[in-house]
Amino acid sequence: RTTTPTSAPSAPAQSTPTHSAPAQATPRPSAPPQTTANISNYQAELLRLTNLERQRAGLRHLTMVDRLGQAAQAHADDMARNQFFSHTGSRGSSVRDRIEATGYRSGWAGENIGAGYASPAAAVQAWMNSPGHRANILNPNYTEIGFGYTSRAGGQYPNYWVQVFASRR
């Protein structure tokens, strides 16, 4: 399993470079096949677990926003369809590009990606065990979030997880 965070706070005309902290772990069983019900349940559980970690740190809960979910889902689908694992999309897009393509205007923006985790709990636990991912989850500048999940049999990874964090400009 591999996960990589990115966090890119920005002012109107500049942005801070992204950072990465890849991690490798032994494979676990894959998640069940993707269905609309699974995605909805996974989003609710990812939100609950992410906000639980923020609450433990004394931070405000994040609010789920459809446009951020669209950006996250598009990236999860792109990685699965094109069998790659990166914060850069198959056509060169950044997390900020994907967010803005949905019409969301962000100030702060960041992303956690993961692959191969069998459940939302496993993905969040792995992210919390990685300093870069943990920093994204516990970043007090973020106020909203969206999630993406895709499963793909026969690919490099059986599934892909994406968290997109942002705050409005």
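The residue count restarts for each chain, going from 1 along the sequence in the order it is written. At least 70 in pLDDT is required for a residue's local features to be given in this predicted model, at least 80 for side-chain atom pairs to be given and counted, and no such filter applies to totals for whole chains, interfaces and linings, which use all residues. Each side-chain value is worked out from all heavy atoms of the structure, with water and hydrogens disregarded.

Undergrad: Give me the lowdown on the overall build of the chain, citing residues and values where you can.
TA: A tally of helices and strands in the chain yields 5 helices and 7 strands. Note on classification: 1.4 Å probe, protein chains only; a residue is buried when its accessible area is under 20% of the maximum for its type, exposed when over 50%, partly exposed between these limits. Relative to its 169 residues, the chain shows a buried fraction of 51%. Contacts between residues were defined by any pair of non-hydrogen atoms, one from each residue, lying within 4.5 Å. Sequence separation of 24 or more characterises 71% of the internal contacts of the chain that already satisfy a separation of 6 or more. Per-residue accessibility takes into account occlusion by the displayed protein chains alone, with areas from the Shrake-Rupley method and a 1.4 Å probe. Taken as a whole, the chain presents about 8000 Å² of accessible surface, with 51% of it coming from carbon and sulfur. Numbering of helices and strands runs from the N terminus; a helix is a DSSP stretch of H or I covering at least four residues, while a strand is a stretch of E covering at least two.

Undergrad: For helix α4 (residues 120-128), give the residues involved together with the corresponding values.
TA: Of all 9 residues that make up α4, 7 are buried, and the element is covered over most of its length. Those residues of α4 that fall on the buried side of the exposure criterion are Pro-120, Ala-122, Ala-123, Val-124, Ala-126, Trp-127 and Met-128.

Undergrad: Any chance you could break down the pairing of strand β6 (residues 144-151) for me, citing the residues and the numbers?
TA: With respect to burial, β6 is a largely interior element, 8 of its 8 residues being buried. Side chains Glu-144, Gly-146, Gly-148 and Thr-150 project from β6 onto one buried face, and the interleaved Ile-145, Phe-147, Tyr-149 and Ser-151 project onto a second face that is buried too. As paired strands, strand β4 (residues 63-64) and β6 are joined by 2 bridges and run parallel to one another. Its bridge partner being in β6, Thr-63 is matched across the sheet by Glu-144. Strand pairing requires that DSSP identify at least two bridges connecting the strands. Relative to strand β7 (residues 159-168), β6 runs antiparallel, the two being bridged by 8 bridges. Looking across to β7, one finds that Phe-147 is bridged to Gln-163.

Undergrad: An account of the packing of aromatic side chains is requested, with residue identities and associated values reported.
TA: Side-chain rings of Phe, Tyr and Trp, where Trp is taken by its six-membered ring, are said to pair if the distance between their centres is within 6.5 Å; with planes under 30 degrees apart they count as stacked, over 60 as edge-to-face, and otherwise as tilted. In this structure the tally under the stated criterion is 6 aromatic pairs. An angle of 50° between the planes, with centres 4.4 Å apart, marks the rings of Tyr-149 and Trp-161 as tilted. Highlighted residues: Tyr-149 in strand β6 and Trp-161 in strand β7, separated in sequence by 12 residues. A centroid spacing of 5.8 Å and a plane angle of 85° characterise the contact between Tyr-157 and Tyr-160, whose relative ring orientation is edge-to-face.

Undergrad: Please give an account of the pattern of salt bridges that cites residues and values.
TA: One side-chain nitrogen of Lys or Arg within 4 Å of one carboxyl oxygen of Asp or Glu is enough to make a salt bridge. Enumeration over the complete set of coordinates arrives at 5 salt bridges. The salt bridge involving Arg-56 is made with Glu-53; its shortest N-O contact spans 3.1 Å. Placement of both Arg-56 and Glu-53 in helix α1 (residues 36-56) is noted, with a separation of 3 residues, approximately one turn of the helix. On the basis of relative accessibility, which here comes to 59%, the residue Arg-56 falls in the exposed class. Among the ionic pairs, Glu-144 bridges to Arg-168, the shortest N-O distance being 3.2 Å. Of the two residues, Glu-144 sits in strand β6 while Arg-168 sits in strand β7, which places them 24 residues apart along the sequence. Of the residues examined, Glu-144 reaches a relative accessible area of 12% and is grouped as buried.

Undergrad: Talk me through the environment of Ala-123; I want residue IDs and the actual numbers.
TA: Within the secondary structure, Ala-123 is located in helix α4. It is 9.7 Å that separates the C-alpha atoms of Ala-123 and Tyr-160, two residues lying 37 residues apart in sequence. Among residues more than four places away in sequence, those in contact with Ala-123 are Tyr-117 and Trp-161.

The quantities given are spatial measurements derived from coordinates; they are silent on function.
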